[in-house]
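A closer look at the structure
Residue strings, one per chain:
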Amino acid sequence: MRQSGKKPDGRVALTALVLWGQLVFGLGMTLWRDSLILFSDWKPYPSFVPREFDRFIELAIQSSPANSTLVYLSPTGDVYTARFARLSYFLYPREVLWLGAGPRTTVISRWAEVDLADANWVRLIKDQKVNFVLIDDIPSPLPLSGERIPFDSARYVIELPN
Amino acid sequence: MTLLVMLLSSPINMSILLVLLSVGAVLIVGDFVARFLRPEPPSFTERMPLALALGSGFVALGIFYFSFLNNRYAVLLTLGASVLIIAMYGRKLLADLKYLLSKSRYMEQKSGLLITFVPLWFLFGLAVAVATATDLGFDGLINWGFKAQVAFVQGGWESSYFTDPWKQFTHQDYPLLVPSLETWAYTFLRSVDEQSIKIIFPLFYLSLLSLFYGALRSRHSIIFSLLFVLLLGSTPYLASLAAPSGYADVPLMLYTFAAIVFIHRWMEGGKNSDLAVGALVSALGVWAKREGIIYWLFNLLAILTWVWLTRNRHAPNRASPIIFFLLPAAMIIAPWFAFLAYYRVPTSDFAFSMVSLAWNRLPIVAATAIKQFFDIGLWGGLWVLFFIFSFLRRNSFHNTPDTYVWLGAFLPFLLLEASFLFSVWEPFTEHLALASERLCLQQVPIAWYWLALQSSSLDSWLNWVLPATFRKGKSAPISEL
């Protein structure tokens, strides 16, 4: 219902003041958070997908057959974590990376902690028909042999023989 | 001309234009559906959001249903159906547009529309800037993004995609509206482009604000409506976190809020076309996010209650509103749940059985819900205001349509929080922490809408305080504005 203008009581003025305060606060918070996202690289809903690893995936995709399986090996305390990912179905690098570096274990991601001193670890990898392993800051020697492909100054990829 | 050529020659800008073209097609199809339900077109500020909501639903349902015929060509078949609709309806739209453009007073008023909405364009522009500076977010990439890519590459939805855990390893039972819209845009782009697709989500945010403005404008002055739409648009969580992200929260908000508006209108005015629109958008909300089913159930309960309360008024036709509401559900919701049941698509996060019901979680769930309402950093003083107004208006909660809006502002959230009693996460508190604020977010436009409905005297005050330019009356623009 449209109403004509008339001078109301103080409560309405108070409501207007409170709403004005809310508007100023809301705009202020919005601008502050937006500036964090725009200028500080803060992510409200982080995807835990490091952009740098796209290169690893692209390298593996270019160098390996479509049905290869990847492993990303990284140190976690005293043991090393092997994360598997099946490559063939997935369309773009990020899917593989999510499986490889995702925050939650699923049946597919097959998170497995391995002790590099245990020779069974090698069999575990080979049983999964793994072709490529990205080595991240793991001291050599490793019980793995294969063609070594430089990735960056700290990491390399080993292509395991069939 | 040079600037236009420069803009079009940039690959990114060309991609964004193609995405906007895909959305344009959705709008035309959606407007056609809206006109079918409601021959008298609403104001422009309501028409565009309705078109987006209904058109997106058309695309999602089209790809889904055509996938049963031939999943490899489902997207193309949907595109073909849309082209037919655009060919039939597009000419009428063009004729309407030519007629309106020929009226100089209309053009003068529309230019006023652009100036009045400068604050909204600012908020929208901010959302677009933030969206392009960040990625789609976890769900936007891993949940909706995966689905969209698969549907694009495969041409539709293969049943094995839902049943093979290697193919869809997470969020298997999540609905398909947002990924279908992304697939639709990818079809226009002819490739996957997760950068250009980001523009779609701020468009839902703009549509929500536009619908909110239109809903208030039908009852109140321009400045009152603008004040409240800015309050909604600047709600901290909505503006900076939800609107630019690739999550389905804001699309769902459009559907749930549209349902509230039109069902509320039906309760007040009794027009079946309002109920038809409300029923359709409420059913489509289930396709935006799983939470949509709780809002649909809430609306069903509200309609049943209203029909019973007004039984003397509508004695011979008591069943017809209920049938009106259930009909879209039979065509939209039921087939989706039947599909999930038939293929035994696993639910990823909840096990709804009495065996898994954990009553001992209730204190934690209740405390989280209460804490959520008082999180100033996310909502400002919205919920404090809401509860204060609720207390002050406690004597008016009887048999009024506004009570429906009031209940809609918090009851579905409480029901959704209660669903965490069935969460399968260990610990479930992690699940609750991740989801709680986004569940509360859905209530925000409804809460602001109810507050606006209770603040009619503020409208009078604003008209008394502000210059004549913003008042209603002789100097006010037409109701479309």
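Residues numbered from 1 in each chain as written. Chains lettered and ligands numbered in written order. Predicted model: local features only at pLDDT ≥ 70, side-chain atom pairs only at ≥ 80, totals over all residues. Heavy atoms only, no water.

Right, let's talk about the overall build of chain A for a bit. When its secondary structure is counted, chain A shows four helices and six strands. Starting at the N terminus and ending at the C terminus, chain A contains elements arranged as α-α-β-β-α-β-α-β-β-β. Every one of the 162 residues in chain A was classed for burial, and the buried ones make up 43%. Here chain A has roughly 9,100 Å² of accessible surface; of this, 56% comes from carbon and sulfur atoms. (Helix = DSSP H or I, 4+ residues; strand = E, 2+ residues; numbered from the N terminus. Buried < 20%, exposed > 50% of the residue type's maximum accessible area, 1.4 Å probe, protein only. Areas by Shrake-Rupley, 256 points an atom, 1.4 Å probe, with all protein chains shown as cover.)

Right, let's talk about the overall build of chain B for a bit. Helices and strands together make up the secondary structure of chain B, namely 24 helices and zero strands. The proportion of buried residues among the 481 residues of chain B is 59%. Considering only intrachain contacts with a sequence separation of at least 6, the fraction spanning at least 24 residues in chain B is 80%. Just so you have it, chain B exposes about 19,200 Å², and 70% of that area is on carbon and sulfur atoms. (Contact = heavy atoms within 4.5 Å.)

Of all hydrophobic cores here, the largest spans 165 residues; its most connected members are Phe228(B), Trp448(B) and Leu458(B). Per element, the largest residue contribution to this core is 14 residues, and it comes from helix α13 (residues 249-269) of chain B. (Core = buried A, V, L, I, M, F, W, Y, C linked by side-chain atoms within 4.5 Å.)

Residues and elements named next belong to chain B. Where helix α16 (residues 319-342) bends most, at Ala330, the angle is about 45°. Looking only at α16, the buried set comprises Pro321, Phe325, Pro328, Ala329, Ile332, Ile333, Trp336, Phe339 and Leu340. Check the buried side of α16 and you find it contacts α3 (44-70), α8 (159-163), α13, α14 (272-288) and α15 (292-309). (Bend = angle between axes of the 7 residues up to and from the residue.)

Right, let's talk about the packing of aromatic side chains for a bit. All names here are of chain B. As enumerated under the stated definition, the model contains 39 aromatic pairs over all chains in all. For the ring pair Phe152 and Tyr186, a centre distance of 5.9 Å and an interplane angle of 70° mean the geometry is edge-to-face. With a gap of 34 residues between them, Phe152 in helix α7 (residues 137-154) and Tyr186 in helix α9 (residues 177-189) connect regions that are remote in the sequence. We classify Phe152 as partly exposed; its relative accessible area is 22%. Aromatic pair Phe373 and Phe387: ring centres 5.2 Å apart, planes at 80°, arrangement edge-to-face. Placement of Phe373 in helix α17 (residues 362-373) and of Phe387 in helix α19 (residues 382-392) is noted, with a sequence separation of 14 residues between them. Judged by its relative accessible area of 30%, Phe387 falls in the partly exposed class. A network of ring pairs unites the aromatic residues Phe64, Tyr65, Phe68, Trp157, Tyr161, Phe162, Trp287, Trp336, Phe339, Tyr342 and Tyr343 as a single cluster. In this arrangement the basic side chain of Arg265 is found over the ring face of Phe262, its NZ or CZ atom lying 5.2 Å from the centre. Note that Arg311 overlies the ring of Trp308, its terminal NZ or CZ placed 4.4 Å from the centroid. (Phe/Tyr/Trp six-rings, centres within 6.5 Å; stacked < 30°, edge-to-face > 60°. Lys NZ or Arg CZ within 6 Å of the ring centre and 35° of its normal.)

Our focus in this paragraph is the packing of α9(B) against helix α10 (residues 200-217) of chain B. Residue and element names in this part refer to chain B. Running from N to C, α9 and α10 cross one another at 120°; their axes reach a closest spacing of 11 Å. Here α9 is positioned oblique relative to α10, judged by the angle of their axes. When α9 is examined against α10, the residues Val178, Leu181, Glu182 and Ala185 are found in contact with a partner set consisting of Ile200, Phe201 and Phe204. (Axes fitted to C-alpha atoms, helices over the stretch in contact; angles between N-to-C directions. Parallel < 35°, antiparallel > 145°, perpendicular 65-115°, else oblique.)

With that out of the way, let us pick up the confidence of the model for chain A. Residues and elements named next belong to chain A. Averaged over all residues, the pLDDT of chain A is 64; the fraction at 70 or higher stands at 27%. A low-confidence stretch, residues 84-90 stays under pLDDT 50, and its non-local contacts, those more than four residues away or across chains, total 35 contacts. Across residues 99-111 the pLDDT falls below 50, and counting only partners more than four positions away or on other chains, this stretch makes 32 contacts in the model. (pLDDT = per-residue confidence, 0-100.)

This next bit is on the environment of Leu227(B). Assignment of secondary structure puts Leu227(B) in helix α11 (residues 222-233). Note: C-alpha distance between Leu227(B) and Ala452(B) (225 residues apart in sequence) is 9.6 Å. Setting aside anything within four residues of it in sequence, one finds Leu227(B) in contact with Leu19(A), Leu23(A), Leu458(B) and Leu462(B).

If you trace the backbone, Arg33(A) turns up in helix α1 (residues 10-40). A polar contact of 3.0 Å, which involves the side chain of Arg33(A), links it to the backbone oxygen of Gly377(B). Those residues in contact with Arg33(A), other than ones at most four positions away along the chain, are Trp42(A), Pro236(B), Tyr237(B), Ser240(B), Leu241(B), Gly377(B) and Leu378(B). (Polar contact = N/O pair within 3.5 Å; in protein donor to acceptor, adjacent residues only side chain to side chain.)

With that out of the way, let us pick up the pattern of salt bridges. Residue and element names in this part refer to chain B. One pass over the full model with this rule turns up eight salt bridges over all chains. The partner of Asp31 in a salt bridge is Arg47, with the nearest N and O atoms 2.9 Å apart. Residue Asp31 is found in helix α2 (residues 11-37), and its partner Arg47 is found in helix α3; the two are separated by 16 residues along the sequence. Comparing Asp31 with Arg47, the two get one shared label, buried. Put simply, Asp249 and Arg438 hold a salt bridge, and the shortest N to O gap is 3.5 Å. Within this pair, whereas Asp249 is found in helix α13, its partner Arg438 is found in helix α22 (residues 428-441), the two being separated by 189 residues in sequence. A relative accessible area of 1% means that Asp249 is categorised as buried. Accessibility expressed as a relative area gives 13% for Arg438, which makes it buried. Members of the salt-bridge network, linked through shared partners, are Asp249, Lys289, Glu291 and Arg438. (Salt bridge = Lys/Arg side-chain N within 4 Å of Asp/Glu carboxyl O.)

All names here are of chain B. Spanning twelve residues, α11 covers 16 Å between terminal C-alpha atoms, matching the ideal 16 Å at 1.5 Å per step. Of all twelve residues in α11, twelve are buried, a share of seventy percent or more. For α11, the complete set of buried residues consists of Ile222, Ile223, Phe224, Ser225, Leu226, Leu227, Phe228, Val229, Leu230, Leu231, Leu232 and Gly233. (Expected span 1.5 Å × (residues − 1).)

Residue and element names in this part refer to chain B. Of note, Arg190 is a non-glycine position whose phi angle comes to about 65°, a positive value. Mapped onto the elements, Arg190 comes out in the loop between α9 and α10. We note that Arg344 has phi near 50°; this positive angle belongs to a residue other than glycine. Mapped onto the elements of the fold, Arg344 is located in the loop between α16 and α17. Of the residues examined, Arg344 reaches a relative accessible area of 73% and is grouped as exposed.

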